[in-house]
Amino acid sequence: MNETLSFSTGEIIGWTGVLAYVTAYALLSLGWMRAEGVPYHLLNALGGLCLVVVSYTLMDMPNLVVNALWIVIAAASLLRIYIVRKKSQRQKTA
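Residues numbered from 1 in each chain as written. Predicted model: local features only at pLDDT ≥ 70, side-chain atom pairs only at ≥ 80, totals over all residues. Heavy atoms only, no water.

Trainee: When you look at unusual backbone geometry in this model, what are you seeing that I'm missing?
Mentor: Comment: phi is negative for the bulk of residues other than glycine, and the bulk of peptide bonds are trans. You will see that Met59, though not glycine, has its phi angle at about 55 degrees, which is positive. Along the chain, Met59 turns up in the loop between helix 2 (38–58) and helix 3 (61–93). Judged by its relative accessible area of 51%, Met59 is exposed. (Helix = DSSP H or I, 4+ residues; strand = E, 2+ residues; numbered from the N terminus. Buried < 20%, exposed > 50% of the residue type's maximum accessible area, 1.4 Å probe, protein only.)

Trainee: Would you mind showing me how to read the packing of aromatic side chains here?
Mentor: What describes a pair of aromatic rings is the distance from one ring centre to the other and the angle between the planes of the rings. Under the definition given, this model contains one aromatic pair. Considering the side-chain rings of Tyr21 and Trp70, the 5.5 Å spacing of their centres and the 70 degrees angle between planes classify their relative orientation as edge-to-face. Of this pair, Tyr21 sits in helix 1 (residues 9–29) while Trp70 sits in helix 3, and the two are 49 residues apart along the sequence. (Phe/Tyr/Trp six-rings, centres within 6.5 Å; stacked < 30°, edge-to-face > 60°.)

Trainee: What exactly am I supposed to notice about the environment of Leu28 here?
Mentor: Following the sequence through the fold, Leu28 ends up in helix 1. Ignoring anything within four residues of it in the chain, the contact list for Leu28 reads Met33, Arg34, Ala35 and Tyr40. (Contact = heavy atoms within 4.5 Å.)

Trainee: Explanation requested: the side chain of His41 in the structure shown.
Mentor: When you line up the elements, His41 lands in helix 2. A residue is classified by how much of its surface remains accessible, and His41, at 8% relative accessible area, is buried. Among the polar contacts listed, one links the side chain of His41 to the backbone oxygen of Ala35, at a separation of 2.7 Å. Excluding residues that lie within four positions of it along the chain, His41 makes contacts with Ala35, Ala74, Ser77, Leu78 and Ile81. (Polar contact = N/O pair within 3.5 Å; in protein donor to acceptor, adjacent residues only side chain to side chain.)

Below is the structure:
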(Lines give C-alpha, C1' and ligand atoms only; values in the text may rest on other atoms or scores of the structure.)
Protein backbone atom coordinates (compact mmCIF):
# COMPACT_ATOMS: atom_id res chain seq x y z
CA MET A 1 0.00 0.00 0.00
CA ASN A 2 1.88 3.03 -1.27
CA GLU A 3 -0.49 5.95 -0.80
CA THR A 4 0.79 9.49 -1.09
CA LEU A 5 -0.71 12.16 1.11
CA SER A 6 -1.48 15.13 -1.08
CA PHE A 7 -3.42 18.30 -0.52
CA SER A 8 -4.93 20.69 -2.99
CA THR A 9 -4.07 24.37 -2.83
CA GLY A 10 -7.53 25.05 -1.42
CA GLU A 11 -7.05 22.52 1.34
CA ILE A 12 -3.67 24.01 2.26
CA ILE A 13 -5.20 27.50 2.39
CA GLY A 14 -8.14 26.23 4.43
CA TRP A 15 -5.98 24.38 6.94
CA THR A 16 -3.71 27.40 7.23
CA GLY A 17 -6.78 29.44 8.21
CA VAL A 18 -7.87 26.86 10.76
CA LEU A 19 -4.36 26.72 12.21
CA ALA A 20 -4.21 30.53 12.48
CA TYR A 21 -7.58 30.71 14.29
CA VAL A 22 -6.81 27.86 16.68
CA THR A 23 -3.30 29.13 17.41
CA ALA A 24 -4.60 32.61 18.22
CA TYR A 25 -7.31 31.25 20.50
CA ALA A 26 -5.01 28.74 22.22
CA LEU A 27 -2.27 31.28 22.88
CA LEU A 28 -4.83 33.78 24.18
CA SER A 29 -6.48 31.18 26.42
CA LEU A 30 -3.14 30.03 27.82
CA GLY A 31 -2.15 33.61 28.60
CA TRP A 32 0.76 33.58 26.14
CA MET A 33 -0.82 36.23 23.94
CA ARG A 34 -2.79 39.36 24.75
CA ALA A 35 -6.10 40.24 23.09
CA GLU A 36 -4.82 43.82 22.86
CA GLY A 37 -1.75 42.72 20.93
CA VAL A 38 -1.08 42.96 17.23
CA PRO A 39 -0.10 39.27 16.77
CA TYR A 40 -3.50 38.08 18.02
CA HIS A 41 -5.39 40.21 15.52
CA LEU A 42 -2.99 39.39 12.68
CA LEU A 43 -3.54 35.67 13.26
CA ASN A 44 -7.29 36.22 13.26
CA ALA A 45 -7.12 38.27 10.06
CA LEU A 46 -4.96 35.60 8.40
CA GLY A 47 -7.38 32.87 9.46
CA GLY A 48 -10.33 34.85 8.15
CA LEU A 49 -8.63 35.62 4.85
CA CYS A 50 -7.71 32.00 4.22
CA LEU A 51 -11.19 30.79 5.01
CA VAL A 52 -12.81 33.51 2.88
CA VAL A 53 -10.78 32.26 -0.09
CA VAL A 54 -11.85 28.67 0.50
CA SER A 55 -15.47 29.65 1.16
CA TYR A 56 -15.55 31.65 -2.06
CA THR A 57 -14.23 28.76 -4.14
CA LEU A 58 -16.85 26.47 -2.59
CA MET A 59 -19.60 29.13 -2.83
CA ASP A 60 -20.23 28.65 0.89
CA MET A 61 -21.76 32.05 1.56
CA PRO A 62 -22.49 31.74 5.30
CA ASN A 63 -18.84 30.87 6.00
CA LEU A 64 -17.65 33.54 3.61
CA VAL A 65 -19.69 36.21 5.39
CA VAL A 66 -18.70 35.22 8.92
CA ASN A 67 -15.02 35.09 8.00
CA ALA A 68 -15.20 38.38 6.12
CA LEU A 69 -16.72 39.95 9.23
CA TRP A 70 -13.91 38.36 11.27
CA ILE A 71 -11.40 40.14 9.03
CA VAL A 72 -13.23 43.46 9.47
CA ILE A 73 -13.19 43.05 13.25
CA ALA A 74 -9.48 42.19 13.23
CA ALA A 75 -8.71 45.15 10.94
CA ALA A 76 -10.71 47.53 13.14
CA SER A 77 -8.86 46.24 16.21
CA LEU A 78 -5.49 46.71 14.49
CA LEU A 79 -6.50 50.24 13.50
CA ARG A 80 -7.51 50.99 17.09
CA ILE A 81 -4.16 49.70 18.36
CA TYR A 82 -2.33 51.86 15.82
CA ILE A 83 -4.30 54.99 16.79
CA VAL A 84 -3.79 54.42 20.52
CA ARG A 85 -0.05 53.88 20.04
CA LYS A 86 0.29 57.01 17.89
CA LYS A 87 -1.61 59.05 20.48
CA SER A 88 0.59 57.66 23.24
CA GLN A 89 3.76 58.52 21.31
CA ARG A 90 2.57 62.09 20.75
CA GLN A 91 1.83 62.49 24.45
CA LYS A 92 5.32 61.25 25.36
CA THR A 93 7.00 63.77 23.05
CA ALA A 94 4.80 66.66 24.13
